Amino acid sequence: MSKPRIQAAVAAGYAAAKGAKGGKNADYIPFLASVPSDLLGVCVVTTDGCIFKSGDSDHAFAIESISKVFTLALVMETIGVEAVREKIGADPTGLPFNSVLALELHQGKPLSPLVNAGAIATASLVPGSDSEARWAAILECQRRFAGHPIALSPEVNDSEQATNFHNRAIGWLLYSAGSCFCDPLCAVDIYTRQCSTLITTVDLAVMGATLAAGGVNPLTGERVVADVHTAPILAEMMMEGLYTASGDWAYTVGLPGKSGVGGGIVAVVPGQMAIAAFSPPLDEAGNSVRGQVAVATIARELGCNLF
Ligand code: DON
């Protein structure tokens, strides 16, 4: 695909998103409520390492739920695809990302590593003898995906740790059902930290492009995840990446994606590129309103629907 064509699509995606209205910053985490709502970043990174960006694409924001994808990759590398499927599951829940009901309906099995319960269970499978060792493994994994060191925001983390009672309850429910594989509060602690790192829209596109490139970071050339693991990760993203809106997203955009309540969203075009955007106001499902418009517009302009 020619560079001018991609650059034009990024400009079109930015313009369409700029004009889109609606949504509201997440406010259940105090830090997220305070981020300026008008920030908008858009970026495409191709599997051959070209970067196309527009707007506030270098503004750092909280990775939030998008981190679930990378911790899943880390755990898949450690215990294998089948063990992940057996211990956590691989199906959409059809319920909100923090649903306790979804757990109750399935005997405490979370079903998907991309909802909170499944992500806390996934965090409990990260290798390491204690919280700090597990946390170091997660940070190292995010670094490899982004191609440079990624840091925790103490401000975001403090804000999240002070308000994550619902997730702690999920941790204990998982534990009681045999679906949490370390101390539940340790699992929730490192899950909360993994959500509290800061990335830019460019970082997010590089992280997605690493999956698009079969697990090799296109900027550093480093293999981050085995080629055979990228397909099940992308399948999860297709089924659950945008929570209860994942079906609509597959129907209309046709790409595996992942969003976070920090306002980030990324879609992966296997073999070609990743399309990322950042804009804080969210819809009811917890997905960035303008981010979805930006990514969907770029995907449409470039004819990327997989189906
Ligand atoms: O678990 C939480 O509440 C957050 N730290 C992350 C949730 C999230 O990003 C869900 N997203 N759309």
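Residues numbered from 1 in each chain as written. Predicted model: local features only at pLDDT ≥ 70, side-chain atom pairs only at ≥ 80, totals over all residues.

Brief notes about the overall build of the chain
Within the chain, the secondary structure is distributed over 14 helices and 7 strands. Here the C-alpha radius of gyration of the chain, 17 Å, is about what a compact globule of 307 residues would show, namely 19 Å. Seen through its principal axes, the chain has C-alpha atoms that stretch 55 × 40 × 35 Å. For the chain, the proportion of its 307 residues judged to be buried stands at 55%. Within the chain, residue pairs in contact and separated by at least 24 positions form 69% of the contacts whose partners lie at least 6 positions apart. (Helix = DSSP H or I, 4+ residues; strand = E, 2+ residues; numbered from the N terminus. Rg over C-alpha atoms; globule rule 2.2 N^0.38 Å. Buried ≥ 20, exposed ≤ 12 C-beta atoms within 10 Å, placed from the backbone. Contact = placed C-beta atoms within 7 Å.)

Looking at the sheet that holds strand 2 (residues 51-55)
In space, the 5 strands of this open sheet follow the order 2-1-7-6-5, with antiparallel pairing throughout. Two strands close off the open sheet at either side, each with one partner strand: strand 2 and strand 5 (257-259). Across the sheet, the mean angle from the axis of one strand to that of its neighbour is 10°, orientation sign disregarded. Examined bridge by bridge, strand 5 and strand 6 (residues 264-269) share 3 bridges and lie antiparallel to one another. Residue pairing for strand 6: G257 is matched across the bridge by A267. (Pairing = 2+ DSSP bridges. Axes fitted to C-alpha atoms, helices over the stretch in contact; angles between N-to-C directions.)

Some words on the nonpolar core
One finds V44, I120, A205, V268, A274, I275 and A299 to be the most contacted residues of the largest nonpolar core, which totals 98 residues. Looking at this core, you find at least three residues from each of domain 1 (3-63 + 198-301) and domain 2 (65-195). Look past the residues within four positions of A274 in its chain and what remains in contact with it is V45, A205, G208, A209, A212, V266, A267 and V268. (Core = buried A, V, L, I, M, F, W, Y, C linked by C-beta atoms within 7 Å. Domains from an automatic or database assignment.)

So, unusual backbone geometry
In this model, E64 sits at a positive phi of 50°, which is unusual for a non-glycine residue. Despite not being glycine, Y243 shows a phi value in the positive range, around 55°.

Regarding the domain arrangement of the chain
Segmenting the chain into domains produces domain 1 (3-63 + 198-301) and domain 2 (65-195). Between domain 1 and domain 2, the C-alpha centre-to-centre distance is 21 Å. Contact with domain 1, which involves 38 residues of that partner, is made by 34 residues of domain 2. Elements with a contribution of two residues or more to the side of domain 1 that touches domain 2: helix 2 (30-33), strand 4 (198-199), helix 11 (201-212), helix 12 (227-240), strand 5 and strand 6. Broken down by element, the side of domain 1 that touches domain 2 gets its largest block of residues, 7 residues, from helix 12.

Structural notes on the confidence of the model for the chain
Looking at the chain as a whole, the pLDDT averages 96, with 100% of positions reaching at least 70. Scored as a whole, the predicted complex attains pTM 0.96, and scored at its interfaces, ipTM 0.94. (pLDDT = per-residue confidence, 0-100.)

Side note on the packing of helix 7 (residues 131-146) against helix 10 (residues 184-195)
One can describe the packing of helix 7 onto helix 10 by two numbers: an axis separation of 10 Å at closest approach and a directional angle of 30°. If you check the angle between helix 7 and helix 10, you find them roughly parallel. The way helix 7 lies across helix 10 gives a crossing that is right-handed. Contact residues: helix 7 offers S131, R134, W135 and I138, while helix 10 offers C186, D189, I190, R193 and Q194. Residue classes in the contact of helix 7 with helix 10 are distributed as 4 nonpolar, 2 polar and 3 charged. (Parallel < 35°, antiparallel > 145°, perpendicular 65-115°, else oblique. Left-handed = near helix turned anticlockwise from the far one by under 90°. Nonpolar A, V, L, I, M, F, W, Y, C, P; charged D, E, K, R; others polar.)

Some thoughts on the site of the ligand
What surrounds the ligand is the set E64, S65, F97, N98, N116, E160, N167, C195, S259, G260, V261 and G286. Across the shell around the ligand, the residue classes tally to 3 nonpolar, 7 polar and 2 charged. Shared between two domains, the shell around the ligand takes at least three residues from each, and those domains are domain 1 (3-63 + 198-301) and domain 2 (65-195). (Near = placed C-beta within 6 Å.)

Let's talk about the UniProt feature "binding site: substrate" (unreviewed entry) in the chain
With numbering matched to this structure, UniProt assigns "binding site: substrate" (unreviewed entry) to S65, N116, E160, N167, Y191, Y243 and V261. You can see Y191 is positioned in helix 10. If we skip the residues at most four places from it in the chain, Y191 touches A119, I120, A123 and N167. As for its placement among the helices and strands, Y243 is situated in the loop between helix 12 and helix 13 (246-252). Those residues in contact with Y243, other than ones at most four positions away along the chain, are P96, F97, A285 and G286. (UniProt positions renumbered as here; feature names shortened; annotations may be inferred.)

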